[in-house]
2 protein chains.
Amino acid sequence: MPELRKDPVLKRWVIIATERSKRPHDFKKTLEEPGGAFCPFDYGNEHTTPPEIISFRGKDTKPNEPGWWIRVVPNKFPALNPELEPEKFGHGMYDVIKGFGTHEVIIETPEHNQNLATLPLKQVKEVIWAYKYRFNELEKDPRINYVLIFKNHGKEAGASLQHPHSQLIATPIVPKRVIEEIEGSYDYYKFKERCVYCDMLNQEYLEKTRMVEENKLFLAFEPFAARFPFETWILPKAHRFNFGEIEGEEVEQFAQILKNTLYRIYKALDNPPFNFMLHTGIAGMEGEKHYHWHLEIVPRLTRVAGFEWGSGFYINPTPPEYAAKYLREVEMPEEDE
Amino acid sequence: MPELRKDPVLKRWVIIATERSKRPHDFKKTLEEPGGAFCPFDYGNEHTTPPEIISFRGKDTKPNEPGWWIRVVPNKFPALNPELEPEKFGHGMYDVIKGFGTHEVIIETPEHNQNLATLPLKQVKEVIWAYKYRFNELEKDPRINYVLIFKNHGKEAGASLQHPHSQLIATPIVPKRVIEEIEGSYDYYKFKERCVYCDMLNQEYLEKTRMVEENKLFLAFEPFAARFPFETWILPKAHRFNFGEIEGEEVEQFAQILKNTLYRIYKALDNPPFNFMLHTGIAGMEGEKHYHWHLEIVPRLTRVAGFEWGSGFYINPTPPEYAAKYLREVEMPEEDE
């Protein structure tokens, strides 16, 4: 049974995944290349994943058979268990919650060798619609207090399968990092009576040096205090708190800027490993006025080492102004629609 | 000129290392094996490092020549620059400090193929004395507000050289992570009027299941909410705030438990990559009563991926109780003194 355990000093929660517990000799494997020709996310292998939660598929096709273009399935090795109740208990001085939660996989395309940077724009839009759908469904469960959508691309970024996919983990508690962002943006709001992210957008327009890509509704830029080389954020230009409320033209424009930004990173850095994480408020959470949803893309080019772990400081060897310039200079293909 | 830049939401500082700025094609190299037979930390190559700050060496030997057993030198590619003044300035809405600070390397032995787990205990004690000496020297500089001692061992843990060495970075600001620990331990102190780390020691003795190694003055254990498999902390049993005040028997006992704990990890996990970080108060800092210095050892066995970056949550596939058992079962060599 997985457990959520709380660090008594930092109030940071850790998921102790007791069920797939690893022994010393198991760790060799995790650092090796995911091998083998078999892929559970390919057409024809639908029965090798847990049954699908939803799929976008042709009218005459059946669930868990080919004919889909997007599939959402439970993670076969989930970090959290939807069958548990999120019961709290003490363990001496320590705090524990039973490991309730969900862990889903969004299979972004049936095409094994594709990726979000090179898929047709139409398909990327479908991925965003799938995110929105699952986000809104899970948000309704009163036991769930946060829904995190993220992507690991490439072995160095923690992906165990190459086939294009994103993941979603829904948890009974709001993660520390999100609380810090909500509180930090509130501190700014108290002082300025404005959203700090809206102010960042304005400053990026004034300077232009960190801008990477923009369209009518979104801006992609390198943050001023980027932790990592080529770290790139995408923000809606208008003040938006909850990703789950995205719709219509916003979905289209978000898909477009996401695809184009990932394409620039793909070309400039030769398909690097990367993670992206959607940071958002959810219904019922404090922060409507001062928090602003955004996507953080982090190429994995440097190693996080002792100094970073020990301090929470980061050393970034590529100033964001230089990184933005390299990304802007990438030659873009014709728009596909 | 390196800059410290502050994230306006999270108040996290980032060192933007403008001088050794990396372009897209530079990143291929950082993921490759450090190669070549030449090592600047070997005997005879002393002239290839910046001139030594201190060394422990034979009476008839000269600085920057062989005959030493410990050498401390400035990092040849420092993240921060001791020649700058830590001047603060604004950049629009953002905050910047000129990249003042020091970055030093503690060469732990002349023997290239050794490591702290296998060096004679006598030599490990000398390493601790070197830590203490540099820590106390730097603490005196009023421009320096924190001194972080850490070690990267192995390529996966960010080490660019194999020769045994630790590092020290002294910064003009107290890192976010340290502030969080000081504040978190103060919250506990307000409630309990006790040090949370002292209480952890007591709880670990009650349960015994997470204990790894102990001696008269120190305990090594797997923390209850361990982020990583085989994460191990070493704490002085008595309440101690400032590592810089370590002396006499404490140095000896700390060297012994550090060596033995690293040896257990070395054997159980076949010389894994790891980081360790010394978390401590320094003179003049708040927290004497509620903060307690400790060393955190983190073997690098799993990859930190999108979920961790996005949430501040960690998923640990090895319960600390199991990890402790494996480490306790390691067969130890005879004590060497």
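Rules behind the numbers
Residues numbered from 1 in each chain as written. Chains lettered and ligands numbered in written order. Predicted model: local features only at pLDDT ≥ 70, side-chain atom pairs only at ≥ 80, totals over all residues. Heavy atoms only, no water. UniProt positions renumbered as here; feature names shortened; annotations may be inferred. Axes fitted to C-alpha atoms, helices over the stretch in contact; angles between N-to-C directions. Helix = DSSP H or I, 4+ residues; strand = E, 2+ residues; numbered from the N terminus. Parallel < 35°, antiparallel > 145°, perpendicular 65-115°, else oblique. Contact = heavy atoms within 4.5 Å. Nonpolar A, V, L, I, M, F, W, Y, C, P; charged D, E, K, R; others polar. Buried < 20%, exposed > 50% of the residue type's maximum accessible area, 1.4 Å probe, protein only. Pairing = 2+ DSSP bridges. Least-squares fit on C-alpha atoms with pLDDT ≥ 70 in both. Salt bridge = Lys/Arg side-chain N within 4 Å of Asp/Glu carboxyl O. Phe/Tyr/Trp six-rings, centres within 6.5 Å; stacked < 30°, edge-to-face > 60°. Lys NZ or Arg CZ within 6 Å of the ring centre and 35° of its normal. Buried area = accessible area lost by both parts, 1.4 Å probe. Polar contact = N/O pair within 3.5 Å; in protein donor to acceptor, adjacent residues only side chain to side chain. 1 Å grid on protein atoms, 1.4 Å probe; cavity = no way out; pocket = protein on both sides within 12 Å on 5 of 7 lines; lining within 4 Å. Points joined across faces, edges and corners; volume = space filled by probe spheres on them.

You'll find chain A entered in an unreviewed UniProt entry as Galactose-1-phosphate uridylyltransferase, with Kosmotoga pacifica given as the organism. The Sequence similarities (unreviewed entry) comment attached to chain A in UniProt states, word for word, "Belongs to the galactose-1-phosphate uridylyltransferase type 1 family." Quoted verbatim from the Cofactor (unreviewed entry) heading of the UniProt record, the comment on chain A is "Zn(2+)".

(A) Focus on the packing of helix α3 (residues 176–192) of chain B against helix α4 (residues 196–207) of chain B. Residue and element names in this part refer to chain B. Relative to each other, α3 and α4 sit at 70 degrees, their axes nearing to 9 Å. The angle between α3 and α4 places the two elements in the roughly perpendicular class. Of the residues in α4, those in contact with Glu181, Ser185 and Tyr188 of α3 are Val196, Tyr197 and Asp199. Partitioned by chemical class, the residues of the contact of α3 with α4 number 3 nonpolar, 1 polar and 2 charged.

(B) Local environment of the pairing of strand β4 (residues 68–74) of chain B. All names here are of chain B. Of all 7 residues in β4, 5 are buried, a share of seventy percent or more. Across 4 bridges, the pairing between strand β3 (residues 54–57) and β4 is antiparallel. The partner of isoleucine 54 across the bridge, within β4, is valine 72.

(C) Broad picture of the relation of the copies chain A and chain B. For the match of chain A to chain B, the screw axis carries a shift of 0.0 Å, the RMSD comes to 0.0 Å, and the turn is 180 degrees. Here the copies are linked by what is in effect a two-fold axis. In terms of proximity to the rotation axis, the leading residue of chain A is valine 304 of chain A, whose C-alpha is 4.7 Å off the axis. Interface overlap between copies is the fraction of interface residues in one copy that are interface residues in the other; for chain A against chain B it reaches 100%, indicating a shared surface.

(D) Expanded view of the pattern of salt bridges. In this structure the tally under the stated criterion is 58 salt bridges over all chains. Lysine 176 of chain A is the partner of glutamate 180 of chain A in a salt bridge, and the nearest nitrogen-oxygen pair spans 3.4 Å. Here glutamate 180 of chain A pairs with lysine 176 of chain A, and both are found in helix α3 (residues 176–192), just 4 residues apart, close to one helical turn. In this structure glutamate 180 of chain A comes out as buried when scored by relative accessible area, which is 17%. In this structure, the salt-bridge partner of arginine 227 of chain A is glutamate 231 of chain A, at a minimum N-O distance of 3.0 Å. You'll find arginine 227 of chain A and glutamate 231 of chain A in the same group, each marked buried. Here the salt bridges do not stand alone but share partners, grouping Glu3 and Arg5 of chain A together with Glu204, Glu207, Arg210 and Glu321 of chain B into one network.

(E) Region of the structure containing the UniProt feature "domain: Galactose-1-phosphate uridyl transferase C-terminal" (unreviewed entry) in chain A. Under the local residue numbering, the UniProt record ascribes the feature "domain: Galactose-1-phosphate uridyl transferase C-terminal" (unreviewed entry) to residues 187–302 of chain A. Within residues 187–302 of chain A, the helical portion is 33% and the strand portion 22%, while the C-alpha atoms at the span's ends are 31 Å from each other.

(F) Structural context of the packing of aromatic side chains. According to the stated counting rule, one finds 28 aromatic pairs over all chains in the structure shown. Considering the side-chain rings of tyrosine 197 of chain B and tyrosine 291 of chain B, the 5.7 Å spacing of their centres and the 80 degrees angle between planes classify their relative orientation as edge-to-face. On the criterion of sequence distance, the pair formed by tyrosine 197 of chain B in helix α4 and tyrosine 291 of chain B in the loop between β13 (274–279) and β14 (294–299) is long-range, its members being 94 residues apart. Across the pair, exposure class does not vary: tyrosine 197 of chain B and tyrosine 291 of chain B are buried alike. Look at phenylalanine 218 of chain B and tryptophan 293 of chain B: their rings are 6.0 Å apart centre to centre, the planes differ by 55 degrees, and that puts the pair in the tilted class. Remark: tryptophan 293 of chain B occurs in the loop between β13 and β14 and phenylalanine 218 of chain B occurs in strand β11 (residues 218–221); sequence separation between them is 75 residues. Phenylalanine 218 of chain B gets classed as buried once you look at its relative accessible area, which sits at 1%. Judged by its relative accessible area of 2%, tryptophan 293 of chain B is buried. Over the ring of phenylalanine 224 of chain B we find arginine 5 of chain A; its NZ or CZ atom is 4.2 Å from the centre of that ring. Sitting over the face of the ring of tyrosine 314 of chain A, arginine 227 of chain A holds its NZ or CZ atom 6.0 Å from the ring centroid.

(G) Structural context of the interface of chain A and chain B. Taken together, the 96 residues of chain A in the interface contact 96 residues of chain B. With both chains or domains summed, chain A and chain B bury close to 8600 Å², and 64% of this area falls on carbon and sulfur atoms. When the area that chain A buries against chain B is broken down by residue, the three leading residues are Phe224, Arg303 and Trp309 of chain A, summing to 11%. Applying the counting rule to chain A against chain B returns 20 residue pairs in polar contact (both at pLDDT 80 or more). The element contributing the most residues to the side of chain A that touches chain B is α3 of chain A, with 9 residues. Taken together, the residues that form the side of chain A that touches chain B break down as 50 nonpolar, 20 polar and 26 charged. Across 3 bridges, strand β2 (residues 13–16) of chain A lies against strand β15 (residues 314–316) of chain B in parallel orientation. Note on β15 of chain B: the bridge partner recorded for isoleucine 15 of chain A is isoleucine 315 of chain B.

(H) Highlighting empty space enclosed by the protein. Summed over all chains, the structure comprises 6 cavities of 30 Å³ or more. Roughly 450 Å³ of volume is contained in the largest cavity. Taken together, 22 residues make up the lining of the largest cavity; nearest its centre are Lys176, Gly312 and Tyr314 of chain A together with Gly312 and Tyr314 of chain B. Only α3 and α6 (306–311) of chain A together with α3 and α6 (306–311) of chain B provide two or more residues apiece to the lining of the largest cavity. Each residue belonging to the lining of the largest cavity can be placed in one class, and the counts come to 8 nonpolar, 2 polar and 12 charged.

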